[in-house]
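The chain contents come next:
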Amino acid sequence: MTVVMIEDLDPSSADAGVPAHYGDPMREQRTLSTAVGLVDRSNRDVIAVPGEERASWLHTLTTQHLADLRAHQGTELLVLSPHGHVEQHAMVTEDGETAWLDTEPGAGAGLLKYLEMMRFFTKVEPREATGELAVLSLVGPGAADLFPELAEPRVQAVPGAKFAAGDVPPEPTSLYAVSEFAGGLVRRVPLGVDLLVPRVSRAGVIEKLGVPLAGLWAYEAIRVEHRIPRLGWETDHRTIPSEAEFVAAAVHLDKGCYRGQETVARVHHLGRPPRRLALLHFDGVATDQPPAQGTPVTRDGREVGFIGTAVRHHELGLIALAVLKRNVADGDELQVGESVVAVDPS
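This write-up is about the structure you can find in this document.

Of note in the backbone geometry, A182 takes a positive phi value of approximately 50 degrees without being a glycine. Within the secondary structure, A182 sits in the loop between β11 (174–181) and β12 (184–189). At R227, a position not held by glycine, the phi torsion is positive, near 60 degrees. Tracing the sequence through the fold places R227 in the loop between α7 (216–225) and α8 (247–250).

Okay, structure coming up:
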């Protein structure tokens with residue numbers, strides 16, 4: 001089997017350390033679309049938060065409702081700046097003793113630094129745990145069949161915000177079932193199932209599952225198709241949660257005060273955000289290479305947004321997630337470099 005690593009293709013990539021593909025990226029995509037494949041995402045950073053006050057403490061620091069988080073539950077959270085800009089995004093997996101936070105490669109140090117700064121006298125002991133657990137993802141419609149005990153992930157529609165005492169629902173906006181597997185944890189998520197397994201057992205778990213392998217290129221194509229944002233790709237220093245569609249999964253609009261809440265509440269109550277996440281189709285492709293993250297999107301020669309993640313999809317061709325100004329209409333003629341692009345209206 002030919003294994004091509006991300007760093008073999010782009011030494012500067014933040015995704016270094018995992019396979020880009022195993023010789024046939026398009027076949028791997030089709031496997032993830034129609035059956036189930038295993039994607040090595042062990043380059044994700046992991047932080048452990050043990051301590052008896054972890055749930056209430058994380059509740060006060062983040063956008064998610066975590067005060068009543070219980071064993072075998074998972075969700076997502078954001079950490080915002082005082083002005084409401086997205087600084088961190090993490091998946092949460094609770095096992096009854098520890099809340100495990102997994103985040104983007106390279107983002108863990110910043111998240112851990114913030115958590116340590118906010119400890120004060122709280123009974124929590126956050127620590128770097130990337131060396132302890134590795135993330136593997138089973139992606140595709142067949143993923144749930146391997147773990148029938150896991151319920152479908154529940155992501156609520158954005159609730160009407162009350163911001164009043166006594167109106168706080170007891171659960172996170174998104175709620176993912178969690179169980180135990182191979183000495184680690186398994187979490188149901190929108191694209192399939194994530195496994196957090198002991199890093200020393202990673203190779204053995206992959207062999208035990210016996211699922212076809214797919215590289216990160218295939219995973220990213222499926223993620224873009226489903227318009228799932230990624231911190232650092234579909235965000236910049238100005239991004240607020242509603243611009244990158246983080247609200248439904250990671251922001252609870254009826255919980256108490258947290259840093260940046262004023263911005264979230266103002267946008268929710270008073271109007272639409274200044275930018276939006278869009279799926280772009282490259283109609284007239286002037287290059288075989290997907291444009292890099294941050295490449296400007298223009299209209300009539302003026303910049304109206306930027307490319308987040310661009311991929312070559314096995315059915316849709318060259319597509320990209322982009323962050324565009326709100327006044328860009330679906331029918332506007334846009335360009336990325338010399339390529340003509342169209343906004344997917346669905």
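The subject of this paragraph is the pattern of salt bridges. By the definition in use, this model includes 25 salt bridges. Across the salt bridge formed by R230 and D15, the nearest N and O atoms sit 2.5 Å from each other. With a gap of 215 residues between them, R230 in the loop between α7 and α8 and D15 in the loop between α1 (6–9) and β2 (19–21) connect regions that are remote in the sequence. Residue R230 shares its accessibility class with D15, and that shared class is buried. Measuring nitrogen to oxygen at the nearest pair gives 3.8 Å for the salt bridge that ties R70 to E171.

This part covers the nonpolar core. Core analysis: the biggest nonpolar cluster contains 18 residues, and I47, V49, W57, L58, L101, L111 and L115 have the highest contact counts within it. Among the secondary structure elements, those contributing two or more residues to this core are β4 (45–50), α3 (54–61), β5 (73–80), β6 (86–94), β7 (98–103) and α4 (108–117). A per-element tally of this core places α4 first, with 4 residues.

So, about helix α9 (residues 261–270). Every buried residue of α9 is listed here: Q261, T263, V264, A265 and V267. Structurally, α9 contributes buried residues whose contacts are with β5.

Taken as a whole and judged by the stated rule, the model has 1 aromatic pair. Centroid distance F147 to F181: 5.1 Å. Interplanar angle 90 degrees. Geometry classified as edge-to-face. Taken together, the residues span a long stretch of sequence, with F147 in the loop between α5 (143–146) and β10 (154–155) and F181 in strand β11 at a distance of 34 residues. Taken as a pair, F147 and F181 share a single burial class, namely buried. Sitting above the plane of the W233 ring, R230 keeps its charged end 3.7 Å from the centroid.

Here the focus is the layout of surface pockets. Empty space among the atoms can be located by rolling a probe the size of a water molecule over them. Taken as a whole, the largest pocket spans an internal volume of roughly 860 Å³. Lining the largest pocket are 28 residues; nearest its centre among them are D10, W217, P290, A310 and V311. Sorting the residues of the lining of the largest pocket by element identifies α1, α2 (25–34), α7 and β17 (302–313) as the ones contributing at least two each. Broken down by element, the lining of the largest pocket gets its largest block of residues, 5 residues, from β17. Grouping the amino acids of the lining of the largest pocket by side-chain chemistry returns 14 nonpolar, 8 polar and 6 charged. Approximately 560 Å³ is the volume found for the second largest pocket. In this structure, the second largest pocket is lined by 35 residues; those nearest its centre are E76, H89, M91, I228 and P229. It is α7 that contributes the most residues to the lining of the second largest pocket, 4 residues altogether. Considering only residue class, the lining of the second largest pocket consists of 17 nonpolar, 5 polar and 13 charged.

Okay, the pairing of β6 next. For β6, a buried count of 8 out of 9 residues is recorded, marking the element as mostly surrounded by other parts of the structure. Where β5 meets β6, 8 bridges bridge the pair, whose relative direction is antiparallel. The partner of L80 across the bridge, within β6, is V86. In textbook terms, the turn of a hairpin is the stretch between consecutive antiparallel strands, and for β5 and β6 this stretch comprises 5 residues, one of which, G84, has a positive phi near 90 degrees. Across 5 bridges, the pairing between β6 and β7 is antiparallel. The residue of β7 that forms the bridge with A90 is T103. Here β6 hands over to β7 after 3 residues, with G96 in that stretch at a positive phi of 100 degrees.

In contact at an axis separation of 8 Å, α2 and α7 are set at 50 degrees when each is read in the N-to-C sense. With respect to α7, the element α2 is oriented oblique. Note on packing geometry: the crossing formed by α2 with α7 is right-handed. Of α7, the residues touching α2 (which contributes P25, E28, Q29, L32 and S33) are W217, A218, Y219, A221, I222 and E225.

On to the pairing of strand β13 (residues 192–198). Among the 7 residues of β13, 7 are classified as buried, and the element is accordingly described as predominantly covered. The sheet contact formed by strand β9 (residues 133–139) and β13 spans 7 bridges and is antiparallel. When the bridges of β13 are listed, V139 appears paired with G192. Pairing of β12 with β13, which is carried by 5 bridges, proceeds in the antiparallel orientation. When the sheet's bridge partners are listed, V189 is paired in β13 with G192. In textbook terms, the turn of a hairpin is the stretch between consecutive antiparallel strands, and for β12 and β13 this stretch comprises 2 residues.

Calculation criteria
- Residue numbering note: each chain is counted from 1, following its sequence as written.
- Residues qualify for local features only when their pLDDT is at least 70, as the model is predicted, and side-chain atom pairs are given and counted only at 80 or more; totals for whole chains, interfaces and linings, by contrast, use all residues.
- Hydrogens are left out, water is left out, and the side-chain values use all remaining heavy atoms of the structure.
- By definition, any uninterrupted DSSP run of H or I lasting at least four residues is a helix, any uninterrupted run of E lasting at least two residues is a strand, and each is numbered from the N terminus.
- Take a side-chain nitrogen of Lys or Arg and a carboxyl oxygen of Asp or Glu: if they are within 4 Å of each other, that pair is a salt bridge.
- The rule is simple: take the accessible area with a 1.4 Å probe, protein chains only, and divide by the maximum for that residue type; under 20% is buried, over 50% is exposed, in between is partly exposed.
- Here, the term nonpolar core denotes a set of buried Ala, Val, Leu, Ile, Met, Phe, Trp, Tyr and Cys residues that are joined through side-chain atoms within 4.5 Å.
- Should any heavy atoms of two residues lie within 4.5 Å, those residues are counted as being in contact.
- Note on aromatic pairs: the rings of Phe, Tyr and Trp (six-membered ring only in Trp) are paired at centre separations within 6.5 Å, and the planes decide the class, stacked below 30 degrees, edge-to-face beyond 60, tilted for the rest.
- Lysine and arginine charges are scored as sitting over a ring when NZ or CZ, respectively, is within 6 Å of the ring centre and within 35 degrees of the ring normal.
- Here the term cavity refers to a set of points on a 1 Å grid, laid over the protein atoms alone, in which a 1.4 Å probe fits but cannot get out; the term pocket refers to an open set having protein on both sides within 12 Å along at least five of seven lines, with lining residues being those that place an atom within 4 Å of a point.
- Grid points are joined across faces, edges and corners, and a volume is the space filled by probe spheres set on the points.
- In this classification, Asp, Glu, Lys and Arg are treated as charged, Ala, Val, Leu, Ile, Met, Phe, Trp, Tyr, Cys and Pro as nonpolar, and every other residue, Gly included, as polar.
- Two strands pair under a simple rule: DSSP has to find at least two bridges between them.
- Axes, fitted as lines to C-alpha atoms, cover a helix only where it is in contact. Angles between the N-to-C directions of the axes lie from 0 to 180 degrees.
- The cut-offs work like this: below 35 degrees is roughly parallel, past 145 is roughly antiparallel, 65 to 115 is roughly perpendicular, and the gaps in between are oblique.
- It is the rotation of the near helix from the far one that decides the hand of a crossing: anticlockwise by less than a right angle makes it left-handed, clockwise makes it right-handed.

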